[in-house]
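Results of the structural survey
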Amino acid sequence: MNAFRLLNIRAASSALRTSRQCKVIPVRAFHQSVPSLAAKVVSTRKLLPESQARLEAQDLDLVQWPEERSMPRDLLLKEIKGAEALICMLSDKIDKEILEAAGPQLKLVTTMSVGFDHIDLETARKNDITIGYTPGVLTDATADLTVLLTLAAARHMKQGIRAAETGEWTEFRPDWLCGYQFTNKTLGVVGMGRIGEAVARRLKAFGINRVLYWGRKEKPALKESLNAEFSTFDNLLAESDYVVTCCSLTPDTKDLFDYNAFSKMKKNAIFVNISRGAVVQQDDLIRALEDNLIAGAGLDVMTPEPLPLDNKLFKLKNCVILPHIGSATIETRETMGQMCVDNVLAALNNKPVPYALK
Ligand code: GLV
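Residues numbered from 1 in each chain as written. Predicted model: local features only at pLDDT ≥ 70, side-chain atom pairs only at ≥ 80, totals over all residues. Heavy atoms only, no water.

1. Digging into the overall build of the chain
Along the chain, the regular secondary structure elements total 15 helices and 13 strands. Within the chain, the fraction of its 358 residues that count as buried is 49%. Looking at the chain alone, contacts between residues at least 24 apart form 61% of all its contacts between residues at least 6 apart. Split by element, the accessible area of the chain, about 17,300 Å² in all, is 53% carbon and sulfur. (Helix = DSSP H or I, 4+ residues; strand = E, 2+ residues; numbered from the N terminus. Buried < 20%, exposed > 50% of the residue type's maximum accessible area, 1.4 Å probe, protein only. Contact = heavy atoms within 4.5 Å. Areas by Shrake-Rupley, 256 points an atom, 1.4 Å probe, with all protein chains shown as cover.)

Encoded structure:
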């Protein structure tokens, strides 16, 4: 009996292949006994129901990890061999070793995320492997969650829920759990891409009257649409009441927020990170919160993920933490899954991959 089970969905014979039946077969027995001509596709996780059903309906040799955790790396290393396409998640490290273990037939790695910092792009390029991802479709879900985190951090949501649930709430107190509002405040957006813009638009509805942004380049259209001003990083830090990080992780943004950066921010500032944990020097953020350099933080991303339970960030009253769920709405995750399937089908049919990194 196998210690693990893979969900192997493969038409076991040409008759089965044409009738599009699926089989769940223990992996070893399967490898020993079922030859297949169908293209091998590996998926490190199951998708949401509709995209999963569509994937299963294809004539594929689909090897998928069915459990509620990532496919173990040693298994991925083994199963990727001979695959033509890989569907992965942001939590899978797709490095040189994995890409080379696949063999020269690997055409596509498609990640169910907009971020692709977990994939070795250089090796992919050298080996002519297309990288697929899911841009554009998670903007609203992630911007909504960013607003939630910003409000939660600004209004002591963590302490409030705890007080209500533990009996610490004994009476109305005029000065208790007073946070900050948005009216006539300044928002600083680090990385004004689709998500940054959607966050700014939403927070303007809460009363923000000035938007600063920092990134690779000025976007003149934002002056017109959002009255947003391109700023230096230091000016954004000094003038913003809310600093929201929406940039991708690159060598330029790695460790961007260190103690020095936090010390340039306002004492009443709220810092929110929904991009990648490594944009922040996490120990410096902890010190900045402990030293009251800033008023609070809201984090959907951190280092590592999941954050160990004994991490100091959890102990800080003024730090709200969510488990990297920016894009986690049913609608968005289904759409992301469908995009992965679209990418796989295009790659296997030698058509242009619709959602590919250029
Ligand atoms: C989420 O962080 C994503 O990259 O999709």
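2. Focus: a positive patch on the surface
A contiguous patch of positive charge, built from Arg194, Arg216, Lys217 and Lys219, is present on the exposed surface. Along the chain, Arg216 falls in the loop between β8 (210-214) and α10 (221-226). In this structure Arg216 comes out as exposed when scored by relative accessible area, which is 78%. (Patch = residues over 30% accessible without salt bridge, like charges linked within 9 Å, V, L, I, M, F, W, Y side chains within 5 Å. Salt bridge = Lys/Arg side-chain N within 4 Å of Asp/Glu carboxyl O. Lys, Arg positive; Asp, Glu negative; His and termini not counted. Charge placed at Lys NZ, Arg CZ, Asp CG, Glu CD.)

3. Quick word on the site of the ligand
The ligand sits among Leu90, Ser113, Val114, Gly115, Leu138, Arg276 and His324. Here an oxygen atom of the ligand sits 2.7 Å away from a polar atom, N or O, in the side chain of His324. Burial of the ligand by the protein amounts to 89% of the accessible area it has alone, namely 190 Å². Classifying every residue of the shell around the ligand by side-chain character gives 3 nonpolar, 3 polar and 1 charged. (Near = heavy atom within 4 Å. Polar contact = N/O pair within 3.5 Å; in protein donor to acceptor, adjacent residues only side chain to side chain. Nonpolar A, V, L, I, M, F, W, Y, C, P; charged D, E, K, R; others polar.)

4. A look at the nonpolar core
Counting residues in each nonpolar core, the largest one holds 51 residues, and the members touching the most others are Leu187, Val189 and Met192. Here this core gets 7 residues from one element, more than from any other, and that element is helix α7 (residues 139-154). Leave out the neighbours within four places in its chain, and Val189 touches Gly196, Ala200, Val211, Leu212, Tyr213, Trp214, Leu236, Val244 and Cys246. (Core = buried A, V, L, I, M, F, W, Y, C linked by side-chain atoms within 4.5 Å.)

5. Observations regarding the pattern of salt bridges
Per the counting criterion, the structure on display carries 20 salt bridges. Here Glu197 makes a salt bridge to Arg201, at a shortest N to O gap of 2.7 Å. Here the residue Glu197 and the residue Arg201 both occupy positions in helix α9 (residues 194-205), the gap between them amounting to 4 residues, near one helical turn.

6. Observations regarding the packing of aromatic side chains
Remark: the centre distance and the inter-plane angle together describe each pair of aromatic rings, the angle taken between the planes. With the rule as written, the count across this model stands at 9 aromatic pairs. Seen from their ring centres, Phe257 and Phe262 are 5.8 Å apart, and the 35 degrees between their planes marks the pair as tilted. Exposure class is identical for Phe257 and Phe262. Each is buried. Between the NZ or CZ atom of Arg287 and the centre of the ring of Tyr259, over which it lies, the distance is 4.0 Å. (Phe/Tyr/Trp six-rings, centres within 6.5 Å; stacked < 30°, edge-to-face > 60°. Lys NZ or Arg CZ within 6 Å of the ring centre and 35° of its normal.)

7. Details of α9
In an α-helix, one turn spans 3.6 residues; hence positions three or four apart end up facing the same way. Look at α9: 17 Å from first C-alpha to last across 12 residues, which is about the 16 Å you get at 1.5 Å a residue. Every buried residue belonging to α9 is among Ile195, Gly196, Ala198, Val199, Ala200 and Leu203, and all of these are buried. As for α9, its buried residues are in contact with α7, β7 (186-190), β8, α10 and β10 (242-245). Looking one or two residues beyond α9, the residue adopting positive phi is Gly207, at roughly 120 degrees. (Expected span 1.5 Å × (residues − 1).)

8. Side note on the layout of surface pockets
Roughly 210 Å³ of internal volume is contained in the second largest pocket. What lines the second largest pocket is Phe116, Leu121, Glu122, Ala124, Arg125, Asp128, Ile129, Thr130, Ile131, Ala356, Leu357 and Lys358. Within the residue set of the lining of the second largest pocket, elements represented by two or more residues are α6 (121-126) and β6 (130-132). Ranked by the residues each element gives to the lining of the second largest pocket, the list is headed by α6, at 4 residues. The class makeup of the residues in the lining of the second largest pocket is 7 nonpolar, 1 polar and 4 charged. (1 Å grid on protein atoms, 1.4 Å probe; cavity = no way out; pocket = protein on both sides within 12 Å on 5 of 7 lines; lining within 4 Å. Points joined across faces, edges and corners; volume = space filled by probe spheres on them.)

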